[in-house]
Number of protein chains: 2
Amino acid sequence: MSTETAPIQPLDLDPHETPDPAEPSPPADDVQQSAAAPGEEKDKKTPAVRALVLTGHGGYDKIKLQLRTPEEGGVPARDQVLVRVKACGLNFAELMGRQGLYDALAAPPVTMGMECAGVVEAVGEDVAERKAGDRVMVLSSSGLWQELVLVPADQTFIMPDAMSFQEGAALPVNYLTAHMMLFQMANLRPGKSVLVHMAAGGVGIAATQLCQTVSGVTVFGTASASKHKVILQGGLSHAIDYRTKDYVEEIRTISPKGLDIVLDPLGGSDTQKGFGLLKPMGTIVVFGAANSVTGQKKNLLAMAKTWYNQLSISTLKLMQANKSVCGFHLGYLKDFTLIRQTMDTLLGLYVQGKIKPRIDSTFHFEEVTDAMRRMHERQNIGKVILLPEPKKGEEKEQEKEEEKEQEQEKEEEPAEASAIPQEEEEAKPEEVKEEQG
Amino acid sequence: MSTETAPIQPLDLDPHETPDPAEPSPPADDVQQSAAAPGEEKDKKTPAVRALVLTGHGGYDKIKLQLRTPEEGGVPARDQVLVRVKACGLNFAELMGRQGLYDALAAPPVTMGMECAGVVEAVGEDVAERKAGDRVMVLSSSGLWQELVLVPADQTFIMPDAMSFQEGAALPVNYLTAHMMLFQMANLRPGKSVLVHMAAGGVGIAATQLCQTVSGVTVFGTASASKHKVILQGGLSHAIDYRTKDYVEEIRTISPKGLDIVLDPLGGSDTQKGFGLLKPMGTIVVFGAANSVTGQKKNLLAMAKTWYNQLSISTLKLMQANKSVCGFHLGYLKDFTLIRQTMDTLLGLYVQGKIKPRIDSTFHFEEVTDAMRRMHERQNIGKVILLPEPKKGEEKEQEKEEEKEQEQEKEEEPAEASAIPQEEEEAKPEEVKEEQG
């Protein structure tokens, strides 16, 4: 059992840098041993942990898989727990963070990762409600994409027995975001109409499921045509192919009076379109600026266009329209009491079978580039999951690495083809076993 | 029974001008006979109705009490009802409208008045749910400050037996506004904190009462010190004298984390302060720009200052703050289904004794200047009511006027001292009698 790990920023504190050297490093699918801090003697008895570290802003190659010499000896502080991570969620904010577009993420070098699921290995002396062996979900502003994490106990949530680690890693960010937007900001009620952009994404699927917990809600969703069958089966009322059709026209044809709620992860001119689609007393919740992310690296033109078109509205105009404009981003929310209450509600819905995260695909840490590309190119339907455990057949190589760091240059085939489809992963016996425990 | 009246604009149509000549006219406390339209023969058999007409934008003298030759012979169209008005509500929007600051009001000359209560005298052939004798409240975008009004039946609401006409005239605009803001935009829930500016005003008192229908809500209110006793008795948790204290500091002292909801009728820099006071997930609803109204006439400096400071916020800033900004103004709301649903809720609360409009004072039409001044100078605690019936002792004079229009220049003492205190008015026997009917 590892005794050291990298520091995790509690969600209620400003993020700070992880103490990791910023030296240039090879692509993410090459595992590196992170350099020891100056003057620090390397302790060969403390197993290093695998971690995905953002080494600078830019393309996929800026995220490196590193072997870290962990801090704090893996011993939890009074209010902390040590969690062995089994699965991590990938979020759009991390794509933006890699490009330097997400200011809630600390400057590189920084270990990424806002959510994960795993097993508690040790607890601090003041922690009464967690014990070794507890299966938990974890939420943080960053730092969770590694094998072992030290986090405040109140940022962990006990998982229901029926929930897999992959589901646990897929639930927190997407479902908290969708629930808070729909029920705390937009006040979803029976009979209302909702537009969900990127309806096949993690938040899109969560929002679609949550809308079905209220009677008579009509859900419009945008997604490319190839995904329509799946998302309609998931409960969407109307799927619109935004690539070939003007979604404003399509919605006006079906619902001439407009919409009650628009959930907008796009920003820019789409926010203006969404605002225009609202009925009086309608609400738009902006929760992202995906339009500013185009290519692999920061695109100044796309950013300028998104920023220029970003809705900036006077309260006088809002009064004349009787409309509401809200902004939401879980990464900036520091009220953990509210997050806990909402999570309790969500876990209740999960146990009742009313919500269930849809896992799109899983990738090992070595394959983070493929995972990010899949999300960036909008190929996913549901959540993209990252697994800390080494790819099969690579474990031995990793052991070798730890002994022979010099050899790490000439490693492994490209990870591209090695994503594990959900079905295979779900059936993995050791995972099923742990779920019973 | 009168058979003609001026046209009323339905709330769901753009307001249009009343067909009234714009000729210069004496102050409002001099009753004028409005000139007949060109080529129109005056019908002496149709009793004229008393109406308060805005003749131009400016000071108090721009509102004239006129005797109108009504249109349509007082015969309701298929979907209309004819209502004899017993009491009218005065709203801040009318002070702004007089100054030319309320663009939902048609250009002068226009009969003012957004709400009233009275008795149905006749119904159109398609109207099944109203009959002569029904006691009703009426809501419109303008045109209700006159003795007889023709309105679409679905803009009338049956009054509970226990409700006086003055209460019926005081309820619609203030309580619909407060309820929609608190429960449909801001999603008020148990334990939340709310700031109500102008807490002694009509909306302020309505909001305070409605907050008490939810358990554990803390209500902060601003008002001058002389009103604190009354509004604290009305259920306010904390009264703050905005004239001698910095309300932001006061609230921060009591509630360091800030507020969940701010209801803002002021605009300008107060909107920015209110936004700053919000907790994460908090909501500010802007529903007026009272700061732009200073003197009796339009004040370009005050307007410029209010407009310049008016909150204009980008969705990116909203996301980082996790906050909501809403605009509300009943005068721009065209969804009468929603208004009816909310009114049903309000009438239920009235019957249960959970809400009750507070009448500040009543003024006869002749005294409209005093009524407006009272509201403008923030002297009122609760609703200012206008009564169409002539002041006692003036009825005979009015009859004389109708016969001898030339004499109208040299009339009556100033209306200033003649406001009827609420207590006397409430006890008027003929009003009590009608309430039983």
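Residues numbered from 1 in each chain as written. Chains lettered and ligands numbered in written order. Predicted model: local features only at pLDDT ≥ 70, side-chain atom pairs only at ≥ 80, totals over all residues. Heavy atoms only, no water.

Draft legend 1. Geometry of helix H10 (residues 336-351) of chain A. Residue and element names in this part refer to chain A. The terminal C-alpha atoms of H10 lie 22 Å apart, and with 16 residues this matches the ideal 22 Å at 1.5 Å per residue to within 8%. What H10 keeps buried is the set Phe336, Leu338, Ile339, Thr342, Met343, Leu346, Leu347, Leu349 and Tyr350. Of the residues flanking the start of H10, the one acting as N-cap is Asp335, its side-chain oxygen 3.1 Å from the backbone nitrogen of Thr337. Gly353 occupies a position one or two residues after H10 and carries a positive phi of about 80°. (Helix = DSSP H or I, 4+ residues; strand = E, 2+ residues; numbered from the N terminus. Expected span 1.5 Å × (residues − 1). Buried < 20%, exposed > 50% of the residue type's maximum accessible area, 1.4 Å probe, protein only. Polar contact = N/O pair within 3.5 Å; in protein donor to acceptor, adjacent residues only side chain to side chain.)

Draft legend 2. Spotlight on the interface of chain A and chain B. Contacts between chain A and chain B engage 35 residues on the former and 35 residues on the latter. At the boundary of chain A with chain B, total buried surface from both sides reaches about 3,100 Å², with 60% on carbon and sulfur atoms. Here chain A and chain B share zero salt bridges between them. Where chain A packs against chain B, one counts eleven residue pairs in polar contact (both at pLDDT 80 or more). At the level of elements, helix H3 (172-185), strand E14 (278-286), strand E15 (312-314), helix H9 (315-321) and strand E16 (324-327) of chain A are the ones that each hand at least two residues to the side of chain A that touches chain B. Counting residues per element, the side of chain A that touches chain B draws most heavily on H9 of chain A, which supplies five residues. Looking at the side of chain A that touches chain B, its residues break down into 19 nonpolar, 13 polar and three charged. Across three bridges, E16 of chain A lies against strand E16 (residues 324-327) of chain B in antiparallel orientation. Considered in E16 of chain B, the bridge of Cys326 of chain A is made with Ser324 of chain B. (Contact = heavy atoms within 4.5 Å. Buried area = accessible area lost by both parts, 1.4 Å probe. Salt bridge = Lys/Arg side-chain N within 4 Å of Asp/Glu carboxyl O. Nonpolar A, V, L, I, M, F, W, Y, C, P; charged D, E, K, R; others polar. Pairing = 2+ DSSP bridges.)

Draft legend 3. View of the sheet that holds strand E11 (residues 218-222) of chain B. One open sheet accounts for twelve strands, arranged E12(A)-E11(A)-E10(A)-E13(A)-E14(A)-E16(A)-E16(B)-E14(B)-E13(B)-E10(B)-E11(B)-E12(B); its pairing is mixed. In the strand order of this sheet, the two ends are held by strand E12 (238-240) of chain A together with strand E12 (238-240) of chain B, each with one partner. Averaged over neighbouring strand pairs, the angle between their axes works out to 15° when direction is ignored. As judged from the four bridges shared by strand E10 (residues 193-196) of chain A and strand E11 (residues 218-222) of chain A, these two strands associate in the parallel manner. By the bridge assignment, Val196 of chain A is partnered in E11 of chain A with Gly221 of chain A. (Axes fitted to C-alpha atoms, helices over the stretch in contact; angles between N-to-C directions.)

Draft legend 4. The pattern of salt bridges, seen in detail. Residue and element names in this part refer to chain A. Scanning the model with the defined rule gives 22 salt bridges over all chains in all. The salt bridge involving Glu167 is made with Lys356; its shortest N-O contact spans 2.4 Å. With a gap of 189 residues between them, Glu167 in helix H2 (residues 165-170) and Lys356 in the loop between H10 and strand E17 (359-364) connect regions that are remote in the sequence. On the basis of relative accessible area, Lys356 is assigned to the partly exposed category, the value being 48%. One connected set of salt bridges, linked through shared partners, spans Arg78, Glu125 and Asp126.

Draft legend 5. Spotlight on the pairing of E10 of chain A. All names here are of chain A. Where burial is concerned, the two faces of E10 agree: the one with Ser193 and Leu195 and the one with Val194 and Val196 are both buried. In the classification by handedness, the crossover that spans E10, the intervening helix H4 (residues 202-211) and the parallel E11 is right-handed. As paired strands, E10 and strand E13 (residues 259-264) are joined by three bridges and run parallel to one another. Within E13, the residue paired with Val196 across the bridge is Leu263. (Right-handed = clockwise from strand over helix to strand, strands pointing away.)

Draft legend 6. Fine view of the side chain of His228 of chain B. Residue and element names in this part refer to chain B. Topologically, His228 is positioned in helix H5 (residues 228-233). A relative accessible area of 14% means that His228 is categorised as buried. Setting aside residues no more than four positions away along its own chain, His228 makes contact with Ala223, Ala239, Ile240 and Asp241.

Draft legend 7. Just helix H11 (residues 368-376) of chain A, in detail. Residues and elements named next belong to chain A. Among the residues of H11, Val368, Asp370, Ala371, Met372, Met375 and His376 are the ones counted as buried. Where H11 is buried, its residues meet strand E2 (49-54), strand E3 (63-68), helix H1 (92-98), E17 and strand E18 (383-387). Immediately downstream of H11, the backbone of Arg378 shows phi near 55°, a positive value.

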